[in-house]
Amino acid sequence: MNPRFIPDLAVEAAADFLPPRPEAAMVTATYAPDFERCRLLCETMDRHVTGAPRHYLLVEHGDVALFRQLETSKRTVIDERDLLPSWLHSFRDPTSLFRRRIWLSLRTAPLRGWHVQQMRRIAIAAHVPEDVLVYCDSDVVFVRPFDCGVFSRDGKVRLFRHADVNDTSLDSDQMAWSRNAGRVLGIAAPEVTPHEYITTLIAWRRKAVLGMCRRMEQVSGEHWAAALGKRRRFSECMTYGRYVDEILGGDGHFHGVEEYCRVRWWGEPMSDDELRAFIAELTPEQVAIGMQSFIGTDIDRVRRLLTGL
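Residues numbered from 1 in each chain as written. Predicted model: local features only at pLDDT ≥ 70, side-chain atom pairs only at ≥ 80, totals over all residues. Heavy atoms only, no water.

Caption draft 1: Expanded view of the environment of Lys74. Here Lys74 shows up in the loop between helix H3 (64-67) and strand S4 (75-79). With relative accessibility at 53%, the residue Lys74 sits in the exposed group. Along the sequence, Lys74 and Pro53 sit 21 residues apart, while their C-alpha atoms lie 6.3 Å from each other. Sequence-distant contacts of Lys74, defined by excluding residues within four places in its chain, comprise Pro53, Arg54 and His55. (Helix = DSSP H or I, 4+ residues; strand = E, 2+ residues; numbered from the N terminus. Buried < 20%, exposed > 50% of the residue type's maximum accessible area, 1.4 Å probe, protein only. Contact = heavy atoms within 4.5 Å.)

Caption draft 2: View of the pattern of salt bridges. Counted under the stated rule, the structure contains 19 salt bridges. Put simply, Arg121 and Glu236 hold a salt bridge, and the shortest N to O gap is 2.7 Å. Remark: Glu236 occurs in helix H8 (residues 236-247) and Arg121 occurs in helix H4 (residues 113-123); sequence separation between them is 115 residues. On the accessibility criterion, Glu236 (8% relative accessible area) is buried. Through salt bridges with shared partners, one network takes in Arg121, Asp137 and Glu236. (Salt bridge = Lys/Arg side-chain N within 4 Å of Asp/Glu carboxyl O.)

Caption draft 3: Representation of the packing of helix H5 (residues 173-185) against H8 within the structure. Between H5 and H8, the least distance of the axes is 9 Å, while the angle of their chain directions is 55 degrees. Our classification of the angle between H5 and H8 gives oblique. The two elements H5 and H8 meet at a crossing, and its hand is right-handed. Facing H5, whose interface residues are Gln174, Trp177, Ser178, Arg179, Ala181, Gly182, Val184 and Leu185, H8 presents Met238, Thr239, Arg242, Tyr243 and Ile247. The residue inventory of the contact of H5 with H8, partitioned by class, reads 7 nonpolar, 4 polar and 2 charged. (Axes fitted to C-alpha atoms, helices over the stretch in contact; angles between N-to-C directions. Parallel < 35°, antiparallel > 145°, perpendicular 65-115°, else oblique. Left-handed = near helix turned anticlockwise from the far one by under 90°. Nonpolar A, V, L, I, M, F, W, Y, C, P; charged D, E, K, R; others polar.)

Caption draft 4: Region of interest: unusual backbone geometry. Of the consecutive residues Ala189 and Pro190, the connecting peptide bond is found in the cis state with omega at 0 degrees. You will see that Asp164, though not glycine, has its phi angle at about 55 degrees, which is positive. Relative to the elements of secondary structure, Asp164 occurs in the loop between strand S11 (156-160) and H5. The exposed category is assigned to Asp164, whose relative accessible area is 57%.

Caption draft 5: Molecular detail of the state of the cysteines. The final tally for this structure, using the stated rule, is 0 disulfides. Here Cys261 is not disulfide-linked; the sulfur of Cys136 is the nearest cysteine sulfur, at 6.9 Å. For Cys261, a relative accessible area of 2% corresponds to the buried category. (Disulfide = S-S within 2.5 Å.)

Caption draft 6: Representation of the side chain of Asp245. Mapped onto the fold, Asp245 is located in helix H8. At 2.9 Å, the side chain of Asp245 and the side chain of His255 are in polar contact. With near-sequence residues (within four places) excluded, Asp245 lies in contact with Leu159, Arg161, Tyr197, Gly250 and His255. (Polar contact = N/O pair within 3.5 Å; in protein donor to acceptor, adjacent residues only side chain to side chain.)

Coordinates in, geometry out; function isn't part of it.
In structure tokens:
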């Protein structure tokens, strides 16, 4: 157990005795193949981001030692074994020649890393004191100053929602994620929502996440991770969005549609000129770029290019 990591049972009980604390914290769920990307994220976050003095890196047990290199007085590495239930176990997957990992239990379907990263993002809310959790993927690079205060307004937390953009008639990933979110939350109708809640660089209200977990457990009669893990097609962002809008009625939140990070979701690795153009075309509110790791853009080249901008 990390000595700076507050166990879940102590958080609420200790709240009245804690000294003044930061309202927001950054959260990144990551893994070993993204280590250099995460290092660059940390470098640019330290240079550009204010309003969230703490940064939590959530990693698989076998990656803890590697990511300890990135720890500082403001950045803490957290072992997923301190977050997730003990009955969920990680193994090297023989079907990938042991290059990847698989998470197995008697309570869920077999899970991959992207499933468990989503679970870590949910689970962290029960273990830290900050009121606002700002989620940032490890393939994000900040290129402009950014104050996390934009996620708070008059005691409310910003919920990213792009309204009425998803075609509910399609058999798409979004609709599968939305349908399963409704099922684990006990939402009978509508079966799916046309609203999009998924993007990079978003904030959640910690107490709302805890309420979402309680709701899933009340509906399913089992641990929230088991309820989600039985449905391999799920999205933590879609589940949180539907919980806030359809269970809470938006209480404690305000909506925002601006996306603060411009993401390249697919394509070939960018040349230097293409990367410069990608950054130059950021809209005024966009402060970061994201490049999906499978695209293969060289991180050292990105770092060198950013120093010359």
